[in-house]
Amino acid sequence: MLKKVFIFILCLAPWFLSSIIPVDYSYFDSLKLPFFTPPKAFFGIAWSIIYIFIAISIYGIVSYYRFKDIPKSYKTTLLVNYIFNQAYTLIFFGLKSNFLAWVDCLALFISCLFLYQETNNLREKSSKFLDPYVLLALFATILSLTIYVINTI
């Protein structure tokens, strides 16, 4: 039982790395935002829940297969998705680049679709936990594009 908890924590912990990066929230406050922008608290809560679902999905794969039997395509897709996910905070709040933040969101969304497919190919039950991730990534892409456009005009 303790081993299962440890493995789950290993699946979950990396997703929260970007949350330890200090961010300048005044940058976000200085932007013109579209009417459909949720309250700031939404992002922390939603992404925390999504990260738990991602970890459950990953745990479902690593507990079902031996690590060496997990296809390289799944591991690569997961890594690429992880990099795009974690890069957003650095790009948006660090570089203060709305355009690059949108590009990152778009890449994240596309990589979410690939991750969903790779996960579904291995274990359909695990892929269902990625549904909210795909939807939130799509919303983030639309929101990010809208923020870029209305702050460029």
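Summarised in this report is the structure supplied together with it. Computed from a prediction, not measured in an experiment: that's the story for all the values here.

## Thoughts on the side chain of serine 18
When you line up the elements, serine 18 lands in the loop between helix H1 (2-12) and helix H2 (25-30). Excluding its chain neighbours within four sequence positions, the residues that come into contact with serine 18 are Tyr51, Gln86 and Thr89.

## Structural notes on the environment of tyrosine 82
Examined against the element boundaries, tyrosine 82 turns out to sit in helix H4 (residues 72-95). Exposure remark for tyrosine 82: the relative accessible area of 19% places this residue in the buried category. Separated by 26 residues in the primary sequence, tyrosine 82 and leucine 108 have C-alpha atoms spaced 8.4 Å apart.

## A word on the packing of helix H3 (residues 40-64) against H4
The contact between H3 and H4 brings their axes to 13 Å, and the two run at 165 degrees. As the angle between them shows, H3 and H4 are arranged roughly antiparallel. For the element pair H3 and H4, the recorded crossing hand is left-handed. Together, Trp47, Tyr51, Ile58 and Ile61 of H3 and Tyr74, Leu78, Asn85 and Gln86 of H4 make up the contact between the two elements.

## Comments concerning the packing of aromatic side chains
Aromatic ring pairs are described here by two measures, namely the spacing of the ring centres and the angle between the planes. According to the stated counting rule, one finds 21 aromatic pairs in the structure shown. Summarising the aromatic geometry, the rings of phenylalanine 8 and tyrosine 59 are spaced 6.3 Å apart at their centres and angled 75 degrees between planes, so their arrangement reads as edge-to-face. Of this pair, phenylalanine 8 sits in helix H1 while tyrosine 59 sits in helix H3; the two residues are 51 residues apart in sequence, bridging distant segments of the chain. By relative accessible area, which is 24% here, phenylalanine 8 ends up partly exposed. Between phenylalanine 92 and phenylalanine 93, the aromatic rings sit 4.9 Å apart at their centres with planes inclined by 90 degrees, giving edge-to-face as the arrangement.

Cut-offs and rules
- Sequence order as written defines residue numbering, which begins from 1 separately in each chain.
- Thresholds applied to this predicted model are a pLDDT of at least 70 for local features of residues and 80 or more for the giving and counting of side-chain atom pairs; totals over whole chains, interfaces and linings are not thresholded and use all residues.
- Hydrogen atoms and water are omitted, and side-chain values are computed over all heavy atoms in the structure.
- Helix and strand definitions follow DSSP, with helices as H or I runs of at least four residues and strands as E runs of at least two, each counted in order from the N terminus.
- Contacts between residues were defined by any pair of non-hydrogen atoms, one from each residue, lying within 4.5 Å.
- Type-normalised accessible area, obtained with a 1.4 Å probe on protein chains alone, sets the label of each residue: buried when under 20%, exposed when over 50%, and partly exposed for intermediate values.
- To get an axis, a line is fitted to the C-alpha atoms, and for a helix only the part in contact is used. The angle between two axes follows their N-to-C directions and goes from 0 to 180 degrees.
- Should an angle lie under 35 degrees it is considered roughly parallel, over 145 roughly antiparallel, and from 65 to 115 roughly perpendicular; all remaining angles are considered oblique.
- Helix crossings are classified by the rotation of the near helix relative to the far one: an anticlockwise turn of less than a right angle makes the crossing left-handed, while a clockwise turn makes it right-handed.
- Pairing of aromatic side chains requires ring centres within 6.5 Å, counting the rings of Phe and Tyr and the six-membered ring of Trp. Pairs whose planes differ by under 30 degrees are stacked, by over 60 edge-to-face, and all others tilted.

Geometric descriptors of this kind do not, in isolation, establish any biological role.
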